[in-house]
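# Observations on the model geometry
Listed here are the chains, written in short residue letters.
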Amino acid sequence: MITKDKEKVQETTVVGKRLNRLDGPDKVTGKFVYGADLDASGILHCKVFRSSIPHGRIKRLDISKALAYPGVRAIMTAKDIPAHIRYGHTLKDEVVFARDYVRYYGEAIAALAADTREIAEKALNLIEIEYEPLPVITDPEEALKPGAPLLHPDWKEYTGNPALIRYDNVCTHASIDLGDVEKAFEEADYVFEDRYTSQMAHQGYLEARAGMAHVEADGTVVITSSTQNPFGLLGNLSEILQLPTSKIRVISTGVGGGFGGKLDLGVEHFVALLARKTGRQVKYLWDREEEMKAAAPREGSVIYVKTGIMKDGTIIARQGKVILDAGAYSGDDTVIASVAALVIRGSYNIPNVKVDSLAVYTNKANCGAYRGPGAPQTYYAIESHLDKIAEKLNFDRVELRKQNALKNGDLGPTGQILESVSMEETITKVVEKIEMDQPRPKYTGRGLSCAIWTSAGGSSCAYVQLNDDGTVVLITGGKEIGTGAITMGVAQIVAEELGLDITDVRLVTGDTHATPFDFGAQGGRTTFNVGNAAQIAAQDVKWQVLQAASEKMNIPLESLELQNKKVYDKDNPTTNISLAEIAADRVWNGGPILGRGSFIIQPTEYDTSTIKGGVYPVFNFPSFHTHAAEVEVDPDTGEVTVTRYVAAQDVGFAINPTGAEGQITGGVVQGIGYALSEEIIYKDGFVLNPNMTDYKMPTIMDVPRIETILVESSSKVGPYGAKGVGEAPIILPAAAIANAVADAIGVHIHDLPITAEKVLKAIKQKQDK
Amino acid sequence: MTKVPLPLKVNGSDYYVEIEPHRTLLDVLREDLGFTGTKESCREGECGVCTVSLDNKTINSCLLPAVAARGKEIITVEGIAASEELHPIQKAFVDCHGLQCGFCTPGFIMSAKALLDENENPTEEEIRSYLAGNLCRCTGYNGIVDAVKQAASELRKLNKV
Ligand code: FES
Ligand code: FES
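What you are looking at is a predicted structure, and each value in this text was computed from that prediction instead of being measured.

### Some thoughts on unusual backbone geometry
Residue and element names in this part refer to chain A. With an omega of -10°, the peptide bond between Leu752 and Pro753 qualifies as cis. Structurally, Pro753 is set in the loop between α17 (733–745) and α18 (756–768). We note that Lys565 has phi near 65°; this positive angle belongs to a residue other than glycine. Overall, Lys565 belongs to the partly exposed group, its relative accessible area being 29%.

Structure, rendered in structure tokens:
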């Protein structure tokens, strides 16, 4: 179901259509090449030796036996890396190999390269290590207490983005201060407070991280991996390899799912270092255990939320404290803390807001970006809290949301002026579709959640090369990671601009030496940003085509139009020349036609006095969302079954409605897993479930058919009015499901995931009362 | 370790390898024979990306020692289309947006084929229950169910002719 902006009527032939993705045939025949499929003759296999304890001093590390094992070609440890080298996303606190201390279970200590995967695995067991165990901090609230042992005693020496506010075990403290929250709490008729906690969760991509590297004669290191962000790796690689960025080439191969987990270094630095040491090509494929112990999962968190509300339902104050369990190094949580701070106010026009959002070091794997970073847990907290308020004050939970919903011209949490706001429309449509008010059987419940979300900015470039047969090649540093952003969205934009079929567009993507810059497949930005760059490049081609045709046909440019792969004289359509003919002619006369597009989002204006320590201070071209879940709870087992799920998303303009819906259905199901079952379980710093058997992702049997509603409230800057699409679908399911479960059993559960045990316990406690 | 000789029949052709007896069919298909369409993920029978057909039954090739496939007919995703054209199941996955990253797709296609060989007109519930051993992290499964339905109806038409 799609609803369109009334005023906006666009005559398009390719964008807006439900076309098949370009990489489909390769993927269904097994021809598509992923990082895990990379191979070459004489390749060496890398394995990484990882810490078997969560915190300790390395007393002895002996690699001699492993090195002597036949077929082992090299082993590297901290000794091979200059001591000053630390790297990171926003804060450089991470080391390639643990030096003297290990800070989490699974931290890399050594990497080796061997003739076969089996030899590599065997040699790993021959590395000898002795630790002196140190106290383990696993609770971020403990880590915040005065006198808590410091995980990074040298934190002051680390360098990073100067905007970050840091102290003790806190690697980021972002805060928002809008209006006067103290005064508003005094004036409020009611004030409510709650505390919520959430778990660590893995992106769950099925292709483990993989990549390989070799070194060219001049020292250039060439890395091929399943990264989502080839250009984004160059900075850290340059520090680690001590090479200028131009002497590192990162090529992104097919990506078997990323969801943010393949944005930062995983395999690349290890294979690069070993390739340089051995002079050979080296490959590294992670195993599942490594994925669960040492990847870049969503952080666990503790969230306090406090709300001041008037008798008539107007929310006048919101305060929040977000404590992110960043893990042993800051990872991406330096940025995520800011994002969570923006989210605390939710999609409501609350005039007085105060947020403190902290990322805190603990002895766990460091956390990274996972689709909608910082948001699912924060929306879970604030939307559950809102339902509790509605219950206590006897407000209708739908009306309460509508009454306070953001509208056009309202201010965002840091003072930006909001445009093209469709909040209320998404609520109305979802409520209608899920039949919120229909009577429900016992132990069945419905729940609602609402959100505002961002799309990452940054710059993108694209070339469009016109081939001599009239087709084109789109060349961009952007990367298709499965979403369809490029193989549907951007390809459709290029085809639309040039009057081609989508199948006339070939793609060359994600290679730092062969394709122009892009800021990476992250933050729902690819269709938006690469799409804009490609649109400019295609328009450039069109202009050059018309100019060439004008010269050739001797007709003024204004009288010409490009349609159906031909340039026509508008006044006399029988006079025309094919695109292929112009293209072929230009190869020898005047020079081949190449279009060029470079695009950057102008930063959104906001009130800089409202936010401190924030490195993600404002929502970019925000989109609006409402989800609703219907659940059945088994009162004997506590098991929750999602029986219906409806999601309405403002996509601005659906470049490919099927693609947009696919993002929603996929994100929702991932979110259902997060809500109900997925958790990387830590005990005393050890991961108890480093495998897919005990890390439970939803199967096709666990979920209903997801119902989607696309709302199109056009954005000014996105191509054809599009907004970012890919991230948002995951941010609301935990909130909607938590509210549905509470509706079903009459108890609110304050801790994710909402497992059968927790539900059963809640039902029992209620009965005992 | 001593290697054992092993003749294998994959997608209708005969192959001969010498392998260590503990190696899995998945590894031999991918590493020795180059059938990389069959994917590797959990290596413990949980995700289904390694699904292949063995004498018309689907198995997780990560769990099966390759020697156990001796004398049996192995079909992988590379072998299900009769010609250059896509098999109707493959075509349906493309048409119905039954894939995104595509990493789970070969496994789903092999499982869907086994389902449709047994049941030419499965209900949505039957489809879901049959495919429960295959994980997909991208699609949310709507497109996969739709693809199997489209393929079923295509195949019924073809079988009638
Ligand atoms: S790799 Fe065989 S079931 Fe997962
Ligand atoms: S399409 Fe990516 S796992 Fe299914």
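Let us keep going from here.
### Brief notes about the packing of helix α16 (residues 657–676) of chain A against α17 of chain A
Residues and elements named next belong to chain A. Relative orientation of the contacting elements α16 and α17 amounts to 55°, with a least axis distance of 8 Å. The orientation of α16 relative to α17 falls into the category oblique. Note on packing geometry: the crossing formed by α16 with α17 is right-handed. Contacts between α16 and α17 pair Gly667, Val668, Gly671, Ile672, Tyr674, Ala675 and Leu676 from the former with Pro733, Ala734 and Ile737 from the latter. Split into classes, the residues belonging to the contact of α16 with α17 amount to 8 nonpolar, 2 polar and no charged.

### Quick word on the confidence of the model for chain A
When pLDDT is averaged across chain A, the result is 96; 99% of the residues are at 70 or more. The low-confidence segment residues 1–9 of chain A (pLDDT under 50) makes 23 contacts with residues lying over four places distant or belonging to another chain.

### Re a negative patch on the surface
Among the surface-exposed residues, Asp177, Asp180, Glu182 and Glu186 of chain A lie close enough to one another that they form a single negatively charged patch. As for its placement among the helices and strands, Glu186 of chain A is situated in helix α5 (residues 181–187).

### Focus on the sheet that holds strand β25 (residues 576–578) of chain A
Residues and elements named next belong to chain A. In spatial order, the strands read β23-β24-β25; together these 3 strands make up an open sheet with antiparallel pairing. This sheet does not close on itself; its edge strands, each paired only once, are β23 (560–563) and β25. If you compare each strand with its neighbour and ignore which way they point, the axes differ by 20° on average. Where helix α15 (residues 579–588) meets the sheet, it contacts β23, β24 (566–569) and β25, and its direction lies at approximately 65° from that of β25.

### Regarding the domain arrangement of chain A
Residue and element names in this part refer to chain A. Taken domain by domain, chain A comprises domain 1 (2–32 + 457–599), domain 2 (35–134 + 209–285) and domain 3 (301–455 + 606–768). In total, about 1,700 Å² of surface goes out of reach between domain 2 and domain 3, with carbon and sulfur atoms giving 55% of it. Between domain 2 and domain 3 we count 0 salt bridges in total. Joining domain 2 to domain 3, the criterion identifies 9 residue pairs in polar contact (both at pLDDT 80 or more).

### Thoughts on the domain arrangement of chain B
Residue and element names in this part refer to chain B. Parsing chain B into structural domains produces domain 1 (4–79) and domain 2 (88–159). Computed over C-alpha atoms only, the centres of domain 1 and domain 2 are separated by 22 Å. Counting residues at the interface gives 15 residues for domain 1, matched by 12 residues for domain 2. Carbon and sulfur atoms make up 65% of the area that domain 1 and domain 2 hide from each other, which totals about 1,000 Å². Applying the counting rule to domain 1 against domain 2 returns 0 salt bridges. For the interface between domain 1 and domain 2, the tally reads 2 residue pairs in polar contact (both at pLDDT 80 or more). If you tally residues by element for the side of domain 1 that touches domain 2, the top one is strand β3 (residues 51–54), at 3 residues.

### Focus: the interface of chain B and chain A
Across the contact, 49 residues belong to chain B and 52 residues belong to chain A. Put simply, chain B and chain A have 6 salt bridges between them. Note that Asp37 of chain A is salt-bridged to Lys39 of chain B, the shortest N-O span being 2.6 Å. Contributions of two or more residues to the side of chain B that touches chain A are made by α1 (25–32), α2 (88–95), α3 (105–118), α4 (124–130) and α5 (142–160) of chain B. Ranked by residues supplied to the side of chain B that touches chain A, first place goes to α5 of chain B with 5 residues. A per-class count over the side of chain B that touches chain A returns 21 nonpolar, 13 polar and 15 charged.

### Quick look at the packing of aromatic side chains
The description of an aromatic ring pair uses the distance of the two centres, along with the angle that the planes make with each other. Residue and element names in this part refer to chain A. As enumerated under the stated definition, the model contains 14 aromatic pairs over all chains in all. Summarising the aromatic geometry, the rings of Tyr105 and Phe686 are spaced 5.1 Å apart at their centres and angled 65° between planes, so their arrangement reads as edge-to-face. Of this pair, Tyr105 sits in the loop between β6 (101–102) and β7 (108–114) while Phe686 is found in strand β31 (residues 686–687), placing the two residues 581 residues apart along the sequence. Both rings, one in Phe653 and one in Tyr720, keep their centres 6.2 Å apart while their planes meet at 40°; by these two values the pair is tilted. Linking Phe653 in the loop between β29 (640–650) and α16 with Tyr720 in the loop between β32 (706–711) and α17, this pair joins segments that are 67 residues apart in sequence. Of the two residues examined, Phe653 and Tyr720, each falls in the buried class. A network of ring pairs unites the aromatic residues Phe97, Phe270, Tyr284 and Trp286 as a single cluster.

### Some details on the sheet that holds β6 of chain A
An order of β6-β3-β8 (chain A) is seen for the 3 strands of this open sheet, with the pairing classed as antiparallel. One side of each edge strand has no neighbouring strand; the edge strands of this open sheet are β6 and β8 (128–133) of chain A.

### Brief notes about the confidence of the model for chain B
Low-confidence regions, as indicated by low pLDDT, have predicted coordinates that should not be scrutinised in detail. In this model, chain B carries an average pLDDT of 96, and 99% of its residues clear a pLDDT of 70 or more. Our summary of model confidence lists the complex with pTM equal to 0.97 and ipTM equal to 0.98.

So, how was this worked out
The numbers attached to residues start from 1 for each chain and follow its sequence in the written order. Whichever chain is written first becomes A and whichever ligand is written first becomes 1, with later ones labelled in order. With the structure being a predicted model, the display of local features is reserved for residues of pLDDT at least 70 and the display and counting of side-chain atom pairs for 80 or more, all residues being used for whole-chain, interface and lining totals. Side-chain numbers here rest on the full set of heavy atoms in the structure, without hydrogens or water. The helix count covers DSSP runs of H or I at least four residues long, the strand count covers runs of E at least two residues long, and both are numbered beginning at the N terminus. For every residue, the accessible area (1.4 Å probe, protein chains only) is compared with the maximum for its type, and the residue is labelled buried under 20%, exposed over 50%, or partly exposed between those bounds. Note on geometry: axes are lines fitted to C-alpha atoms, helical ones only across the stretch in contact, with angles between N-to-C directions running from 0 to 180 degrees. Oblique is the label for every angle not falling under 35 degrees (roughly parallel), over 145 degrees (roughly antiparallel), or within 65 to 115 degrees (roughly perpendicular). Left-handed is the label given to a crossing in which the near helix is rotated counterclockwise from the far helix by less than a right angle, and right-handed is the label when the rotation is clockwise. Working rule for contacts: check all heavy atoms of both residues, and any pair within 4.5 Å makes them a contact. Only Asp, Glu, Lys and Arg are considered charged in this grouping, and only Ala, Val, Leu, Ile, Met, Phe, Trp, Tyr, Cys and Pro are considered nonpolar; every other residue, Gly among them, is considered polar. The pLDDT value expresses, per residue, how confident the predictor is, ranging between 0 and 100. Without a salt bridge and with relative accessible area above 30%, a residue can belong to a patch; like charges are then joined within 9 Å and nonpolar side chains (Val, Leu, Ile, Met, Phe, Trp, Tyr) within 5 Å. Methods summary: accessible areas were calculated by the Shrake-Rupley approach with a probe of 1.4 Å, and residue burial reflects only the protein chains presented. What counts as a salt bridge is simple: a side-chain nitrogen of Lys or Arg found within 4 Å of a carboxyl oxygen of Asp or Glu. Note that His is not counted, nor are the chain ends; the positive residues are Lys and Arg, and the negative ones are Asp and Glu. Here the site of a charge means NZ on Lys, CZ on Arg, CG on Asp, or CD on Glu. One bridge is not enough; two strands pair if DSSP finds at least two bridges between them. Domain limits in this description derive from either an automatic procedure or a database domain assignment. In this description, buried area is defined as the sum, over both parts, of the accessible area (probe of 1.4 Å) that is lost when the two are combined. Nitrogen and oxygen atoms within 3.5 Å of one another constitute a polar contact, given that in protein one can donate a hydrogen and the other can accept it, and given that sequence-neighbouring residues count only through two side-chain atoms. Aromatic pairs are defined between Phe, Tyr and Trp rings, using the six-membered ring for Trp, whenever the two ring centres lie within 6.5 Å; interplanar angles under 30 degrees are classed as stacked, those over 60 as edge-to-face, and all others as tilted.

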